Amino acid sequence: MDNYFEVFGFYVSQWKKTGRLIIFFERFLRIGMQEQRMQKIWFFPICILTYALFCVYAYILLRAIIHPSYFISVGSFVIASVSIFACWKGLADYYFRKYRTEYGVCIRDASLQLFISTVVASGFLPFGISVSTILFFFLNGIFVADYTIRRWKKKQPDLTYVVDLPVDATVDISTIKDAASCSVKKVQISGEVRNCLALKNGIPVRIDLKGADVLSLGVGTKAINPSPMRLKIEKALCSGQKSMLFDKVFEPSTEFRDRVWNDVLIETSSAQEGNPDSVIYTLEGAKKDSSVYLSFPFTATHSSQGKSNIYILVIDSLRRDYLPSQTVLQERGYMHVAQLLQDSVLYDNAYTQGPWTLPTFASLLSGQYLSYHDTHHPREYKPISENITLLPEILHREGYTTFGYGTGPRTSPIYGYSRGFDKYYYKMCDKEHGVATAEEVFSWARQQDRKSGYRNGQCYYLHLLEAHWPFHPPRDFEWMYNHTSKIDVIRDVKKHRGKKGALDFDEDQIVFFKDLYRAEIDCCLYEVERYLAYLKDRDLYEDSLIVLMGDHGNNFGEHITIGSFDVYDEFVHVVMTAKYPLALNRKGVESGLVSANIDIAPTIVDMLSLKGDWPFNGRSLLNEITEKWVNSLGKVVISEDLYVNRYYIALRNKKYTFIYRTYFKAPSFAKLERNSETFELYDREDDPQEKENIFFQGNSSVKNEFFALLNTHVRNSLVHYGLNPKFEIHE
């Protein structure tokens, strides 16, 4: 069904007006079919009843104006259909634009609002259609005002809409002795996704500790429970005796805000009783099964104390040419960030494998090119293939506790990115209202460190959206950079992409955008500074791996319209620094070409001396940067853009940039075709901004070697899908 929506929307409307209607109906069906059991029961009946009452309104209104007839009934149906859809979609779009939450949540809230307004207004039909109609619009106005006030007070969107996901393959369920008396799944509570054990009311579940001396778990409630629930955790000794470890009563849960994770860290061993053999969980008082969840891992040991922590800090859209120097950072008071750059290897020519977040995040986690993992379609919501082993899964198997925080729409768990993370928190960033900003992300990371008992052997992936559109830096930071007069300019260009002339900015407005971009970067580095100070206070800085990088670049109209993306230098040339553990003694500036995203996973695996057969396309940065392609071109890095119906690929060495473009209909690299091909060649030494295409004047031997590399990459990618490609790209 998802593919039907995608193909229909693309061919009929090129994803403009009709395409938005398709997206609306798609999300509507997702809510009805994939949400939890309670919502399946009420959602469709409410929509049908609301529609029926709308038909009554329209019919009575037409009868009051025109004499009744068959055509009036048909007219009532048409007017009702148009009216309810216009109100419903208008409210959903308003909430989506205003609060930047998941679109499915906006549709849900709008449907409930219309239902309540319609039911109340229908009770006043005996007083006249005009009275009822006025009351209907008055109630909707009250609901919108109330919703706005509640969101403003909370300064955050409603709960993110994510369906239950399959549990990770890395989860060790062999410790569960009574597997038939419980269920295992991955759920999201208050934005945080975890692998969980769903308890059944009154049925005890025994977990084998396997020599662990610490009990580490999260307790969460998802379904509304009108009565108190009691959770008991007992430890069973080898002698057969039992003693209580945890006994807590959860008060009735009636509000969405009450649904949170409660993390527990309990020492299970004692000098008198010794190490227990197992623990027993018992839930009492629940009105329905599976209303309480216990998150993995259930057990932990102190053996992780010798492991280095890993911190991957990704600043979305951070271009290489906008990173302040160490001197500038010191002048601004960012001493810890400046020290980080001094203690790190700065990869001066790091290029990402894509120009936007969805595929580059997948490349970072998998170590594979876009054409291999094929995660690229923004509206298909296809999770990354389970046949691909992700970095968090590798670290999880090695005893690491893995944490992730996603803030952008393309870091959602619905794309499968929560796989392998013990805790993956996802919240849509809204910088204008202070939601999921860098300050909140780092606060969450410090909180997880505390909840885990300040143990080593932790890996954090933290995605910071400050440098991404729209730009809303705090006023103090904006005033530091904005030296232009007040300009009436659109800060969120993506909202206005479909409006003719909306993105034709003049030079002053471009300067204003760049000032806002610098201010956002400065604000983000301020929070990085505070987090580095925290790591030093915890004595974690020296022995940890800290990666600071951009997932892709940004665009200020150098080649194409602002808000769009391509594979030119400004889109893929990013900041990338890596501070390795002190024992490795690695620091300085590396000027060689680096494949930023796909080199992270193999580097971490190499640093930890892990053994395994993982099909990484990247290589370890701990090894000497050697020539990957054995020919006169030297080292070449590859950046790809596969978006809906297009495929762009850029191959770069120190001297040239070669770009190939083609267009095809199927939204998968395995269906690659050659249509409307174009070629570009730029001399990076004479033309570093890649402005003058010299393909038709370029050296034929250079072009032939680039064609050979292009065909090798494309053929290898198609062979990865089990295909036998027979075509060859040539001039």
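What you see is a predicted model, and the numbers here were worked out from it, not measured in a lab. (Residues numbered from 1 in each chain as written. Predicted model: local features only at pLDDT ≥ 70, side-chain atom pairs only at ≥ 80, totals over all residues. Heavy atoms only, no water.)

A. Here's a closer look at the overall build of the protein chain. Helices and strands together make up the secondary structure of the protein chain, namely 17 helices and 23 strands. Of all 731 residues assigned to the protein chain, the portion counted as buried reaches 58%. Of all intrachain contacts in the protein chain linking residues separated by at least 6 positions in sequence, the fraction that spans at least 24 positions is 70%. If you sum the accessible surface of the protein chain, you get close to 31,300 Å²; carbon and sulfur atoms cover 54% of it. (Helix = DSSP H or I, 4+ residues; strand = E, 2+ residues; numbered from the N terminus. Buried < 20%, exposed > 50% of the residue type's maximum accessible area, 1.4 Å probe, protein only. Contact = heavy atoms within 4.5 Å. Areas by Shrake-Rupley, 256 points an atom, 1.4 Å probe, with all protein chains shown as cover.)

B. Structural context of the pattern of salt bridges. Evaluation of the coordinates by the stated rule reveals 25 salt bridges. Here Glu 527 and Arg 530 are joined by a salt bridge, their closest N and O atoms 3.2 Å apart. Of this pair, Glu 527 and Arg 530 are both found in helix 14 (residues 507-537), three residues apart, which corresponds to roughly one turn of the helix. Overall, Arg 530 belongs to the partly exposed group, its relative accessible area being 36%. What you see here is one network of salt bridges that share partners, running through Asp 569, Arg 652, Arg 684 and Glu 690. (Salt bridge = Lys/Arg side-chain N within 4 Å of Asp/Glu carboxyl O.)

C. Seen up close, a nonpolar patch on the surface. A cluster of nonpolar side chains, contributed by Ile 116, Val 120, Phe 124, Phe 127 and Val 131, occupies part of the molecular surface with about 430 Å² of accessible area. Tracing the sequence through the fold places Phe 124 in the loop between helix 5 (103-122) and helix 6 (129-154). For Phe 124, a relative accessible area of 35% corresponds to the partly exposed category. (Patch = residues over 30% accessible without salt bridge, like charges linked within 9 Å, V, L, I, M, F, W, Y side chains within 5 Å.)

D. Structural context of the confidence of the model for the protein chain. For the protein chain, per-residue confidence averages 78 on the pLDDT scale, and 74% of positions sit at 70 or higher. Every residue in residues 1-20 scores below 50 in pLDDT, and together they form 30 contacts with partners more than four places removed in sequence or on other chains. Contacts from residues 152-163, a stretch scored under 50 in pLDDT, to residues over four places away or in other chains number 36 contacts. (pLDDT = per-residue confidence, 0-100.)

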